[in-house]
Amino acid sequence: MMKSPFLGVCYYPEHWPEHRWIEDAQKMVALGLRQVRIGEFSWSRIEPEPGRFEWNWLDRAIETLGDAGLGVMLGTPTATPPKWLIDAYPEILAYDINGCPRKFGSRRHYCFSSEKYADETLRIVEAIAKRYGDNDYVTAWQTDNEYGCHDTVRSYSPAAKLAFQKWLQARYENVNILNKKWGNVFWSQEYHSFDQVDLPNLTVTEPSPSHLLDFYRFSSDQVVKYNRLQTKIIRQYAPNKTIAHNFMGFTFSFDHFAVANDLDIAGWDSYPIGFLDVGPFSAADKERYLRQGHPDIAGFHHDLYRAVGNGRWSVLEQQPGAVNWAPHNPAPLTGMVRLWSHEAVAHGAQNVNYFRWRQAPFAQEQMHAGLERPDFKPSPAYAEAEQTFLDLEKTHRNNNTPKAKVAIIVSYEAQWVFEAQPQGENWNYVAILFEWYAALRRFGLDVDFVSADMPINGYKIVIVPSLPILTQAQIDRFSNSDALILFGPRTGSKTPTLTIPHTLAPGLLQSLLPIKVARVESFPDFHRIDGDFDGTQVAGHSWLDHVESELSPIVSSTDGGLLYCKDNYYYLTTLPNEMFFAALVATLAQKAGVQTTLLPPDIRLRQRGDLIYAFNYGPEPVDLPTNIAPKSESYILGAQTLEPAGVAAWKIE
Amino acid sequence: MMKSPFLGVCYYPEHWPEHRWIEDAQKMVALGLRQVRIGEFSWSRIEPEPGRFEWNWLDRAIETLGDAGLGVMLGTPTATPPKWLIDAYPEILAYDINGCPRKFGSRRHYCFSSEKYADETLRIVEAIAKRYGDNDYVTAWQTDNEYGCHDTVRSYSPAAKLAFQKWLQARYENVNILNKKWGNVFWSQEYHSFDQVDLPNLTVTEPSPSHLLDFYRFSSDQVVKYNRLQTKIIRQYAPNKTIAHNFMGFTFSFDHFAVANDLDIAGWDSYPIGFLDVGPFSAADKERYLRQGHPDIAGFHHDLYRAVGNGRWSVLEQQPGAVNWAPHNPAPLTGMVRLWSHEAVAHGAQNVNYFRWRQAPFAQEQMHAGLERPDFKPSPAYAEAEQTFLDLEKTHRNNNTPKAKVAIIVSYEAQWVFEAQPQGENWNYVAILFEWYAALRRFGLDVDFVSADMPINGYKIVIVPSLPILTQAQIDRFSNSDALILFGPRTGSKTPTLTIPHTLAPGLLQSLLPIKVARVESFPDFHRIDGDFDGTQVAGHSWLDHVESELSPIVSSTDGGLLYCKDNYYYLTTLPNEMFFAALVATLAQKAGVQTTLLPPDIRLRQRGDLIYAFNYGPEPVDLPTNIAPKSESYILGAQTLEPAGVAAWKIE
Amino acid sequence: MMKSPFLGVCYYPEHWPEHRWIEDAQKMVALGLRQVRIGEFSWSRIEPEPGRFEWNWLDRAIETLGDAGLGVMLGTPTATPPKWLIDAYPEILAYDINGCPRKFGSRRHYCFSSEKYADETLRIVEAIAKRYGDNDYVTAWQTDNEYGCHDTVRSYSPAAKLAFQKWLQARYENVNILNKKWGNVFWSQEYHSFDQVDLPNLTVTEPSPSHLLDFYRFSSDQVVKYNRLQTKIIRQYAPNKTIAHNFMGFTFSFDHFAVANDLDIAGWDSYPIGFLDVGPFSAADKERYLRQGHPDIAGFHHDLYRAVGNGRWSVLEQQPGAVNWAPHNPAPLTGMVRLWSHEAVAHGAQNVNYFRWRQAPFAQEQMHAGLERPDFKPSPAYAEAEQTFLDLEKTHRNNNTPKAKVAIIVSYEAQWVFEAQPQGENWNYVAILFEWYAALRRFGLDVDFVSADMPINGYKIVIVPSLPILTQAQIDRFSNSDALILFGPRTGSKTPTLTIPHTLAPGLLQSLLPIKVARVESFPDFHRIDGDFDGTQVAGHSWLDHVESELSPIVSSTDGGLLYCKDNYYYLTTLPNEMFFAALVATLAQKAGVQTTLLPPDIRLRQRGDLIYAFNYGPEPVDLPTNIAPKSESYILGAQTLEPAGVAAWKIE
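Calculation criteria
- Residues numbered from 1 in each chain as written.
- Chains lettered and ligands numbered in written order.
- Predicted model: local features only at pLDDT ≥ 70, side-chain atom pairs only at ≥ 80, totals over all residues.
- Heavy atoms only, no water.
- Pairing = 2+ DSSP bridges.
- Helix = DSSP H or I, 4+ residues; strand = E, 2+ residues; numbered from the N terminus.
- Axes fitted to C-alpha atoms, helices over the stretch in contact; angles between N-to-C directions.
- Contact = heavy atoms within 4.5 Å.
- Least-squares fit on C-alpha atoms with pLDDT ≥ 70 in both.
- Salt bridge = Lys/Arg side-chain N within 4 Å of Asp/Glu carboxyl O.
- Buried < 20%, exposed > 50% of the residue type's maximum accessible area, 1.4 Å probe, protein only.
- Buried area = accessible area lost by both parts, 1.4 Å probe.
- Polar contact = N/O pair within 3.5 Å; in protein donor to acceptor, adjacent residues only side chain to side chain.
- Nonpolar A, V, L, I, M, F, W, Y, C, P; charged D, E, K, R; others polar.
- Phe/Tyr/Trp six-rings, centres within 6.5 Å; stacked < 30°, edge-to-face > 60°.
- Domains from an automatic or database assignment.

As a further point, take the sheet that holds strand S1 (residues 6–10) of chain B. Think of a sheet as strands paired side by side through backbone hydrogen bonds, with each pair either parallel or antiparallel. Residues and elements named next belong to chain B. Taken in spatial order, the eight strands close into a barrel running S1-S2-S3-S4-S5-S6-S7-S8, and their pairing is parallel. Across the sheet, the mean angle from the axis of one strand to that of its neighbour is 30 degrees, orientation sign disregarded. Across four bridges, the pairing between S1 and strand S8 (residues 351–354) is parallel. Across the sheet, residue Val-9 finds its bridge partner in S8, namely Tyr-354. Relative to the sheet, helix H3 (residues 56–68) contacts strand S2 (33–38), strand S3 (71–75) and strand S4 (138–142), its axis offset from that of S2 by approximately 170 degrees. Contacting strand S5 (242–247), strand S6 (265–270) and strand S7 (313–318), helix H12 (residues 297–308) runs over the sheet at an angle of about 165 degrees to S6.

Below, the structure is given as structure tokens:
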């Protein structure tokens, strides 16, 4: 197993004439690439007809690539069941929220709850794993492709309905318990049996939030179960090989921690420019970072997937140029592909795979750039990948990502709770997470994400942006921690079945903080909740928890207290504006003895091993401030002046 | 029967442990409440299985509440048919406009045209009415709950199609008459038989407006018929009890007058803050009245439902805090719950029921505030209700709402006409009604609404904001009236089957006003039609009737005449802006000898009995102007300075 | 056959009592009308029951109209199959993109792929053609009505699926060829047989662009085939009569050139004010031209349909007042109906039919103005039509539309390519065409449109706004031309099956221009690509082709070259802003020796025969600039000062 970070590429031998393969492989190696990721959409070529397998082409492709010096990551092709399979078993299809089957003709058209598809998945994965499990060139495996892409986690099919009913039966055992936990006495929603419970779509007005939350949990569990089906077989036939999945950006429809429990590596697919266009960013940011992506998009996900992968993670697809799928598709600023590559390494990536080797001239992704153009010439990213490889010779010995001083608690379930019960339409849990991350990063801090179910030992500051459902185990961890812990609004506001705790919010947290959220308000964007934070004018927006407490608020407003503190615990009742974030970070850091440096807006820092990296996300050159910049002779990469998309790295002095 | 206005509350004994009931009842009475409204969603508890009735819990609940001194308003539970019933007879389900059944899992999932549901309604209502019809504690009944909520009046089910065909047959007798009246020769839309007529959904482009209008009329009639089914049984078993229904705000999808003909009391559910967020209000109003609601929302509906109830009306649900159902859910400004309560009384409400006694910790409405919080502690509204009760001791003797000097003619059918044929997308009949109401109220005027089918005797000014279909009986009433009568644009523009009158608009009105609308225009918002009204710069917008007349317009514009007058009749050709409204009200009032007082923007006045009430909807204190304020010793409530959400009342001097 | 331009009107005798017909006909003739267009929605009156034809009324109507001196244009009634037919054969119905049948109750509810409807079309058209084919009064025929209206070209019905599969089989013969041409190896989309290929709707994410493009081509072909079904029969029974169809504005969902191959005249329906409201125009233009329509809407379509009709074209429906179908419906400024009529003549129309004679008081279009109001009085357009007739006495001798010096290449297929693969959401092919047209017209130039498959001989400047799929025949024509030819971005970027050419874009064009589009970018609206064009500050937006070339760009930007030139060929890499358009037109014209005159913004010029026309689209009077205006005695119509909606015409001096 390679320990140093390395580069790789995604390749589709089935798209190109066989005589190209060896040349491509040699060019990849010459470019410095060490991994090639293949196979994940190739079912119709592996099994062109039911039961007839065509291994020869794949055998030769793997041999050619491996012989050239590349480790092969082999993907299972289950994201694209072929037409003959769908025609034979149309019940495999997922159903949309309107109750319509989602037809063949693109990808991810299967329902996670289809038992027939589980059988077919077993059959195809076993066939592939048997054939290549002990192939030395196949050093890693990928299950399926981008679970959840195109809104595919939640299916409203007959198969999903049956599976949901079974899931509920297993969870509640007795339907009267379900009735009680969900509060089904309300609106006469009581059931006599589990098979009366339908999927929560197409109702006249909103379904019960408990019903929704359990459906979202069920849907997440179906992904976990489906992925485990694959990992079990792969481990059986390829016992010592690494297994990964390529997760996506800003995707919270299933529990990535739970899926990753069955993986060795959490991969993710990094498309910062596309994400900027579709994500919750301001018009000013969309304009300034048009060709770079917001400076925290990549870092946010790197740190998130480092947590998901329990420290082992990779970028399995790295944007190398313009993509095809966003509303608008600008190309990266010159240097950004190299910047993104180094930034991934700086955050601890084991490898970075460019997607894809060569732009395909056909089908849905024909406008998606690759390292090569469709005419076999290098695209601009080619040279940047090459430069990155050369740079890595200087930096790759530094492998450890040190534990950060600050952690953010992240919860997929929290997102489902807020989807099931938004209460204010501008409440966006993922955006809140992102804003906390960005606020900390602006102060030069490295950040770790921590699952709500994991320990928080060793952190000096722990941010809980919001955690609506708390467990006693979590409370115990908070209670045993020396860290400053800040809890955001709506924390502890719900029981596990999405009802209100008997003692009101923040529920179990009341054992640590003597506060009670008597009532809440949500607001349109125009409403500012102005407060004074030790002389700084700050403001909250969109939400307010009205707290009853023996404590006096640290930050007050005419609408109510905005921040409370007892011992090392803080409770924030609203969503902060930029000034409020800055004051919070500065205050916590000072109290925790964590050193901060307010960075220029386009600059981000990150430590790996004994190196500090600096990245310039701006379209203009920036001089590193003197309190950051090392002696000029210390630079391993770059210099004090960071060019647009510039990277610097230096040994910690 | 209680004559004085009194307070009540909505309560769901089935949501709480039985041991709480007596304590709750006693607290209610202590708070000054005299009515408790129960039962309207409890079918699954009353009849948990087909034919098996569970009366004991309800017997005990009624007894407990009644023993404590509360009159019980008992609701029929038909808004929430239980799952076992839907599973047995899925044809009960309503269908949406896309032709999909609206599934079980919330409420109001039944189709008004389902004959099976009519049978089941008869069965359950008879069972309940039999059991409690002569129960002394049950002083009032409510049929179903919020007809029309969640867009449920119009169903596109197979049952609705059959019923619509029968309705058409009864209306037209001969399909050739229908063909002629609808103009079906156009686009070869002629039918040979009534069973060829489909519902007007899913057509390639818009269906015939005559087809739509009749479908909207039919859908309204189905509600009337369904409600009558219930009132008949209740009257049979509970002959001397009051029957009410709780209507909604800004809901015009069925004829409330027709439904109320079978009721004793028109109730409505008052949620001013939620309505502000979803209603047709300006950004400035949404910001200023964030926690109060627009000052005319409550009054508009009070006066409308006073008309609907023929003088007998109540607030059956009064917002007591933040709700759960608007896009954003701020809480009322301190004092608003008391203000709303008094305002309802001032407009003539027989009682005001807070919704609900206690915030439920579960299911869809768990974020909807009550008088109590889920932890059994009082919410802010609790004390306001209590204060209201104490205030009422001083004010409740004044029972009569005097007839206003100004009436607005309101027509549900008008709304359907404009839905069927908008002709300009910013024409909004309900908003036009509301703006007229607000314009009159800004001048300190009390306003009565009058159905288009009711007499207008005794009014000095009658506003007809728009009445597209006129009858001779209406013309006769206008003709015999001494009032100044102002007709808005599009009045008389259509025949009863939504065609253009032979003499063009305003059709029958031409016997009173020598005008002919030669043609019309509709405009985007940016187009202002500037005019001069006796020196005041006014403007119209969105619509213009081009009038041919021997009359000279009183207000002209380069686009055409904006206002015409002959004798006591006025015809307005456009939608007025704020200045135009003010000039119109001032002019009419002066001519009619009606005294007006231009109020500060946040202040509203209302007379009940010999009391004048003043309400401050603003977030700042306001001094009553000296021409309004009585001598300081005259105040029964409040004083000349009205605090935010303040209420004053004084005897007419 | 009449050669001089003449006026006509659309009339629905079936809507009016028979005794009105003769009076109407006489008034038409007195007004100067010479054609009456009838019958196109009258199926339910021609064949009220299956097989029972009612000819008498139509016989009498034609006789009455013809006797009065009117030529009758008779429409086939196939846009409105009657209810009895749909009930007998529901498979006739079209299906929407969600897979739902589009119900009876308006018009155009048939599927072009229904074989049953083809049979029924044959039956009804043959019956009508037999009866009236040799009727002397019936001088012209119209097939169906407004193909494509209400988004009806593409149907997702079972019939369409079958027909699409057959179409594919005929096109590709072998499914493996289809797999290869579409690149179906991508995402395992390979098929084993043509009957596995579904329609490209309801897929999980976007279908293959090749799949979409072929479906769009197929859908267009179905319209062509359907129309030909009708023209064949009509020619059989009415061999010497003119056949037309009334096309629409801004409609590109089928190939109008291909349909028109089977017609004698390309008609179109001109509603400039409605098109302004729904079209891609700026807020400023929507406000300024509220009652006139943008000055280039009518001209754009006149010139387009002159090309479609191979020189023979008409306005078959001319807006005479406010319409009923736009979101807002203002009336034309006084004079606009006359202006539009003359402008059509100036662009070469053979006739102009006002739609409609009289506003119908019933059904869907009751708010659509006519020359008469529903009360049989003239509307404002009546006098304008009359004045136009009188004017035509002075101008009608000038019949030839001279070939323009500038041509724009237009391609319906190009639109489908961009629909199938937009790559940037603000790329709008039709808007790009329109902007080129408007830019040329602002310089006083007459413009011809030319189909991508037609010769370009004789033009001095040829604009190819974008032509993604090039053929060798086109290249040969470009190669043999002396014209200056400007190619816009994305030209030559695709193969016929929507893949990327081996040599990259502009593909075959590389034989004329030594450029290669290495990569592309698309941008949100805010991104400007600033360039310097010989000292003029110009900008591109929304798109950028990055060109590799031995050529130096004529216009550069920091993002890349914006304009390249070799010999007489220009390649533009972006979408120009207004200044860029102006610089391009000025540069090309100067180099080509084409004289230009920058017109005042509201003025348009057009030559017909030896007359120059000038039109004022502004709401204020405009003096013709002295470099345009003739001697004052030369005016045949108007004078140097053009009133609002004014028209001038003078002999070329």
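There is more to say, and it comes next.
Superposing chain C onto chain A requires a rotation of 120 degrees together with a translation of 0.0 Å along the rotation axis, leaving an RMSD of 0.1 Å. Taken together, the rotation angle and the small translation identify this as a three-fold axis. Minimal C-alpha separation from the rotation axis in chain C is found for Asn-98 of chain C, amounting to 5.8 Å.

All names here are of chain A. Taken as a whole and judged by the stated rule, the model has 126 salt bridges over all chains. As a salt-bridge pair, Arg-228 and Asp-262 come within 2.9 Å of each other at their nearest N and O atoms. With Arg-228 in helix H8 (residues 209–237) and Asp-262 in the loop between helix H9 (256–260) and strand S6 (265–270), this residue pair connects regions lying 34 residues apart in the sequence. Between Asp-610 and Lys-651 there is a salt bridge whose closest N-O contact spans 3.7 Å. Placement of the pair is Asp-610 in the loop between strand S20 (603–608) and strand S21 (611–616) and Lys-651 in strand S25 (residues 647–651), with a sequence separation of 41 residues. Note on Asp-610: relative accessible area 29%, which makes it partly exposed. What emerges from the salt-bridge pattern is a single network uniting Asp-303, Arg-306, Arg-441, Asp-446, Asp-448 and Arg-606.

So, about the sheet that holds strand S23 (residues 635–637) of chain C. Residues and elements named next belong to chain C. Strand order in the open sheet formed by four strands is S20-S21-S25-S23, with antiparallel pairing between adjacent strands. If you trace the sheet from one side to the other, it starts and ends with strand S20 (603–608) and S23, each paired once. Ignoring strand direction, the axes of neighbouring strands in this sheet form an average angle of 25 degrees. Of the pairings in the sheet, the one linking S20 to strand S21 (residues 611–616) comprises six bridges and is antiparallel in character. Bridge pairing in S21 links Arg-606 to Tyr-613. Where helix H13 (residues 336–346) meets the sheet, its contacts fall on S20, S21, S23 and strand S25 (647–651), and the angle it forms with S21 comes to roughly 145 degrees. Where helix H14 (residues 380–395) meets the sheet, it contacts S21 and S23, and its direction lies at approximately 145 degrees from that of S23.

Moving on to the interface of chain B and chain A. Contact with chain B, which involves 52 residues of that partner, is made by 45 residues of chain A. Of the roughly 4,400 Å² buried where chain B meets chain A, counting both sides, 56% is carbon and sulfur surface. Considering only the surface of chain B that becomes buried against chain A, Lys-103, Gln-364 and Met-367 of chain B emerge as the three largest contributors, covering 16% of it. In this structure, the connection of chain B to chain A is made through six salt bridges. In this structure, Asp-375 of chain B engages Lys-516 of chain A in a salt bridge whose closest nitrogen and oxygen atoms are separated by 3.7 Å. Inspection of the chain B/chain A interface yields 27 residue pairs in polar contact (both at pLDDT 80 or more). For the side of chain B that touches chain A, the per-class residue count stands at 21 nonpolar, 15 polar and 16 charged.

Right, let's talk about unusual backbone geometry for a bit. All names here are of chain A. Backbone torsion omega between Phe-355 and Arg-356 reads 10 degrees, so that peptide bond is classified as cis. Among the secondary structure elements, Arg-356 is positioned in the loop between strand S8 (351–354) and helix H14 (380–395). Residue Ala-505 is joined to Pro-506 through a cis peptide bond whose omega torsion reads 0 degrees. Within the secondary structure, Pro-506 is located in the loop between strand S12 (484–487) and strand S13 (515–522). Of note, the phi angle at Phe-250 is positive, near 50 degrees, even though the residue is not glycine. Along the chain, Phe-250 turns up in the loop between strand S5 (242–247) and H9.

As a further point, take the packing of aromatic side chains. Tallied over the full model, the rule gives 160 aromatic pairs over all chains. Measuring from centroid to centroid gives 5.3 Å for Phe-300 of chain B and Phe-434 of chain B, while their planes differ by 50 degrees, and the two rings are tilted. With Phe-300 of chain B in helix H12 and Phe-434 of chain B in helix H16 (residues 429–442), this residue pair connects regions lying 134 residues apart in the sequence. Like Phe-434 of chain B, Phe-300 of chain B is buried. When the centroid spacing of 5.3 Å and the interplanar angle of 80 degrees are considered together, the rings of Phe-281 of chain C and Phe-434 of chain C count as edge-to-face. Here Phe-434 of chain C lies in helix H16 (residues 429–442) and Phe-281 of chain C lies in the loop between helix H10 (272–278) and helix H11 (283–288), a separation of 153 residues in the sequence. The exposure class assigned to Phe-281 of chain C is buried, which follows from its relative accessible area of 11%. We classify Phe-434 of chain C as buried; its relative accessible area is 6%.

Residues and elements named next belong to chain B. Most of S3 is tucked away, with five of its five residues classed as buried. Residues of S3 alternate between two faces, with Gly-71, Met-73 and Gly-75 on one and Val-72 and Leu-74 on the opposite face, all of them buried. Taken together, the four bridges between S2 and S3 define a ladder with parallel strand orientation. Following the sheet pairing, Gln-35 is matched in S3 by Gly-71. Judged from the four bridges that link them, S3 and S4 form a sheet pairing that is parallel. Across the sheet, Met-73 pairs through a bridge with Ala-140, a residue of S4.

This next bit is on the domain arrangement of chain A. All names here are of chain A. Each assigned domain of chain A is listed here: domain 1 (6–84 + 118–152 + 238–395), domain 2 (406–592) and domain 3 (603–651). Using C-alpha coordinates to define each centre, domain 1 is positioned 36 Å away from domain 2. The interface is formed by 21 residues belonging to domain 1 together with 17 residues belonging to domain 2. A buried area of about 1,700 Å², summed over both sides, lies between domain 1 and domain 2, and 71% of it is on carbon and sulfur atoms. For domain 1, the biggest contributors to the area lost against domain 2 are Phe-252, Asp-296 and Phe-300; these three give 40% of the whole. Run the count over domain 1 and domain 2 and you get one salt bridge. At the junction of domain 1 and domain 2, the tally comes to six residue pairs in polar contact (both at pLDDT 80 or more). Of all the elements in the fold, those that place two or more residues in the side of domain 1 that touches domain 2 are H9 and helix H12 (297–308). Per-class residue counts for the side of domain 1 that touches domain 2 are eleven nonpolar, six polar and four charged.

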